[in-house]
Amino acid sequence: MARRRFHFSRAAAWLLVLAAASAAHAMSIRELRTLEASEKDGKAYAGYYLVGVLEGLREGVEASQRNGQKPVFCIDGRRLEPSMARSLYQAELTRNADSYEADMPVQLVMSGALRNSYRCTR
């Protein structure tokens, strides 16, 4: 029986590593910055991570609403696309630079960005 060899691209391998790591713990601001600076495609990998965080938070809010809980942010038909993840994250870090330390999780920053940019009015 012939053996099959699977060839993963470097990006696919990193995404698997990030997925496994995110199941174990959240990436810190410092770790995200290190990823961006240390790899040839680090900026792209960090962008994928930010999109994943954005989508995860959005899914979490939708699930809480289905369970009758009050959401922490409300999209209410406004535009929120994966391509906006990095700009939301950077804007939150810039706007509240004194509030975040390098060892805080990226999810905390993204959650703050979504709460500030998509406030619930009802």
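Residues numbered from 1 in each chain as written. Predicted model: local features only at pLDDT ≥ 70, side-chain atom pairs only at ≥ 80, totals over all residues. Heavy atoms only, no water.

**Focus: the nonpolar core**
Then step 1. One finds Leu32, Leu88, Tyr89, Met110 and Leu114 to be the most contacted residues of the largest nonpolar core, which totals 26 residues.
Then step 2. Contributions of two or more residues to this core are made by α2 (29–38), α3 (42–66), α4 (85–95) and α5 (106–117).
Then step 3. Looking at which element gives the most residues to this core, the answer is α3, with seven residues.
Then step 4. Beyond its immediate stretch of four places on either side in the chain, Leu114 contacts Leu54, Leu57, Phe73, Leu80, Leu88 and Arg119. (Core = buried A, V, L, I, M, F, W, Y, C linked by side-chain atoms within 4.5 Å. Buried < 20%, exposed > 50% of the residue type's maximum accessible area, 1.4 Å probe, protein only. Helix = DSSP H or I, 4+ residues; strand = E, 2+ residues; numbered from the N terminus. Contact = heavy atoms within 4.5 Å.)

**Considerations on the packing of α2 against α4**
Then step 1. Here α2 crosses α4 at 125°, and the two axes come no closer than 14 Å. When the axis of α2 is compared with that of α4, the two are oblique. The way α2 lies across α4 gives a crossing that is left-handed. For the pair α2 and α4, the contacting residues are Ile29, Leu32, Arg33 and Glu36 in the first and Arg86, Tyr89 and Leu93 in the second.
Then step 2. Its residues placed into classes, the contact of α2 with α4 shows four nonpolar, no polar and three charged. (Axes fitted to C-alpha atoms, helices over the stretch in contact; angles between N-to-C directions. Parallel < 35°, antiparallel > 145°, perpendicular 65-115°, else oblique. Left-handed = near helix turned anticlockwise from the far one by under 90°. Nonpolar A, V, L, I, M, F, W, Y, C, P; charged D, E, K, R; others polar.)

**Regarding the state of the cysteines**
Then step 1. Applying the stated criterion across every chain yields a total of one disulfide.
Then step 2. Bridging Cys74 to Cys120, the disulfide has an S-S length of 2.0 Å. Taking the torsion about the S-S bond as the criterion, the Cys74 to Cys120 disulfide, at about 95°, is right-handed. Of this pair, Cys74 sits in the loop between α3 and α4 while Cys120 sits in the segment after α5, and the two are 46 residues apart along the sequence.
Then step 3. Look at Cys74 and you get buried, because its relative accessible area is 10%. (Disulfide = S-S within 2.5 Å.)

**Here we look at α2**
Then step 1. For α2, the set of buried residues is Ile29, Leu32 and Leu35. In a view along the axis of α2, the buried residues occupy a sector of 125°, so they form one face of it. The exposed set on the far side of α2, more than 90 degrees from its buried face, consists of Ala37 and Ser38. (Arc of directions from axis to C-beta.)

**Observations regarding the side chain of Ser28**
Then step 1. Position of Ser28 among the secondary structure elements: in the loop between α1 (10–24) and α2.
Then step 2. Taking relative accessible area as the criterion, Ser28 reaches 8% and is therefore assigned buried.
Then step 3. When sequence neighbours within four positions are dropped, the list of residues in contact with Ser28 reads Ala102, Asp103, Met104, Pro105 and Val106.

Remember, this is a structural readout, not a statement about activity or role.
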